[in-house]
Amino acid sequence: MTSTLETIYALLIDAEYQLELFGDLPSFSRRGTGFLACCPFHRDSWPTLIVAGDRPEYFCYACSARGDWLDFLMARYGLDFDQAVERLARAAGCSPAGLVEENAWRAERDRAVMLEAFMEACMAALWSEEGQEALHWLVSRGYATREIRGMGLGFFPGHEEWAAPSACGISLPTSTGAAMARGNEETLPGVLIPYRDASGRLMGLVCRELSGTGEGMPARDPYRAVATWDDMDRTPFLLHRCRGAAETLVVEGFFDTLLVDQVRLIPVVGIGRGGDAVRMLDKAVLFGCRSFTLVPGASREGLARAAETARAMAEGGLDVHVMELPKGYGDLDEFIRKTCLDRFGALLKGRKRAGEWLERVGPHVSGTTPRQRGGH
Ligand SMILES: [Zn+2]
């Protein structure tokens, strides 16, 4: 189930409700992607309240007031929880009755705030000595410094180091441990990827381990969920960046998604290899995405997955196209890094309707015949 608060927040962020909620504070102004204003919770004439532009949160760096918009309404106007919810729901045009349960909200809010604090520490760590190896790995993959910063990545010290936080230089509220404990299994040091819900709240973390399997050890997926939430397997990666998009690119892989997002030619979501792509794209539709273009990986498995997804989506009445990579490129990430943006744009223009693509490729990827693809 989509949390209704997630929906309310997403609608309000799209309407820039920050202007309504914080706009009357002294010195309110736009700063970067968010806003800055004088904090109403301590006496000060300097603007110290940071209001996020892409998620429903605020933070005062002078008095540490921090929370989401429900917190703000309750703390500033003395509303109770139900009144605060009703106010936001009405502003979003939703029916407020029984939409949000207070304990569930509190748990989600605490989680988002703590993970945000943890992510900030990990982002700082990536650019410090301890994150050197992770940063080097990213640079060696071909990403520019500007892209790495834009992706908002961090350095995860690994669960072993994490058990002794002082050793890795990251100090955190003790309650963060509880939020982290929901991740699955032991994770080695690596690049930390923030995974947000549709309203931009940080609800999950994924680590791309640096040292995968040693010799003679069984193969291991280098991507580990360090922190997960109930709706993660239903939420496309970066959905918060493309709500309401007329056309959305659908790719596999976190770094493919992050890179295309940085390139900014077209909104993009990631669906992962193991996840239920159709369920994820159903959620994207709920949040206003209208048409999708799948980018199949070059492997036989990648093609088969894309064919299956394209079929299911077309059956569900969605508008689906397929964009094929030219021969010789393993994935979109590699294509973008090795060619220029004009070629990416041309590739995008040449996308085919899913039905047409399936007719040509479908029979070859579902059977046991060797892979056959149309070249560009
Ligand atoms: Zn303050």
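Now for a description of the structure that goes with this document. Since this is a predicted model, take the numbers as computed values, not measurements.

## Description of the environment of Ile 336
Here comes step 1: On the secondary structure map, Ile 336 appears in helix H14 (residues 332–338).
Here comes step 2: Separated by 73 residues in sequence, Ile 336 and Val 263 have C-alpha atoms that sit 9.0 Å apart.
Here comes step 3: The contacts of Ile 336, once residues within four sequence positions are left out, are Leu 259, Val 260, Val 263 and Phe 344.

## A word on the pairing of strand S13 (residues 319–322)
Consecutive side chains along a regular strand alternate between the two faces of the sheet.
Here comes step 1: Of the strand pairs in this sheet, strand S12 (residues 291–294) and S13 are connected by four bridges, and their pairing is parallel. Residue Phe 292 lies in a different strand from S13, and its bridge partner there is Val 320.
Here comes step 2: Handedness of the crossover joining S12 and S13 through helix H13 (residues 300–315) is recorded here as right-handed.

## A short note on the pattern of salt bridges
Here comes step 1: Inspection of the entire model under this criterion finds 26 salt bridges.
Here comes step 2: The shortest N-O distance in the salt bridge between Glu 6 and Lys 283 comes to 3.0 Å. Taken as a pair, Glu 6 in helix H1 (residues 4–14) and Lys 283 in helix H12 (residues 277–286) lie far apart in primary sequence, 277 residues in all.
Here comes step 3: Residue classification places Glu 6 among the buried positions, given a relative accessible area of 2%.
Here comes step 4: For Lys 283, a relative accessible area of 0% translates into the label buried.

## Points about the side chain of Glu 324
Here comes step 1: Inspection of the secondary structure puts Glu 324 in the loop between S13 and H14.
Here comes step 2: A relative accessible area of 6% places Glu 324 in the buried class.
Here comes step 3: A polar contact of 3.3 Å, which involves the side chain of Glu 324, links it to the side chain of Trp 357.

## Observations concerning the coordination of the zinc ion
Here comes step 1: Every protein donor of the zinc ion is accounted for by Cys 39 (SG), His 42 (ND1), Cys 60 (SG) and Cys 63 (SG), and the metal-donor separations fall at 2.1 to 2.3 Å.
Here comes step 2: Here the zinc ion is ringed by four donor atoms whose angles at the metal span 103 to 118°, and the overall shape comes out tetrahedral.
Here comes step 3: Written as a sequence motif, the donor residues of the zinc ion are C-x2-H-x17-C-x2-C. A residue pair is termed long-range when its members are at least 10 positions apart, and Cys 39 in the loop between strand S2 (34–38) and strand S3 (47–51) and Cys 63 in the loop between strand S4 (57–60) and strand S5 (66–68) qualify at 24 residues.
Here comes step 4: You can call Cys 63 partly exposed: its relative accessible area is 32%.

## Here's the deal with the sheet that holds strand S10 (residues 248–251)
Here comes step 1: Read across the open sheet, the five strands follow the order S11-S10-S12-S13-S14; overall the sheet is mixed. Either end of the sheet is taken by a strand with one partner, and the two such strands are strand S11 (268–270) and strand S14 (352–353).
Here comes step 2: Of the strands in this sheet, S10, S11 and S12 are in contact with H12, which crosses S12 at around 145°.
Here comes step 3: Relative to the sheet, H13 contacts S12 and S13, its axis offset from that of S12 by approximately 165°.

About the criteria used
Residues numbered from 1 in each chain as written. Predicted model: local features only at pLDDT ≥ 70, side-chain atom pairs only at ≥ 80, totals over all residues. Heavy atoms only, no water. Helix = DSSP H or I, 4+ residues; strand = E, 2+ residues; numbered from the N terminus. Contact = heavy atoms within 4.5 Å. Pairing = 2+ DSSP bridges. Right-handed = clockwise from strand over helix to strand, strands pointing away. Salt bridge = Lys/Arg side-chain N within 4 Å of Asp/Glu carboxyl O. Buried < 20%, exposed > 50% of the residue type's maximum accessible area, 1.4 Å probe, protein only. Polar contact = N/O pair within 3.5 Å; in protein donor to acceptor, adjacent residues only side chain to side chain. Donors = N, O, S within 2.8 Å, 3.2 Å for Na, K, Ca; no water. Tetrahedral: all angles 85-135°; square planar, octahedral: opposite > 155°, others 65-115°. Axes fitted to C-alpha atoms, helices over the stretch in contact; angles between N-to-C directions.

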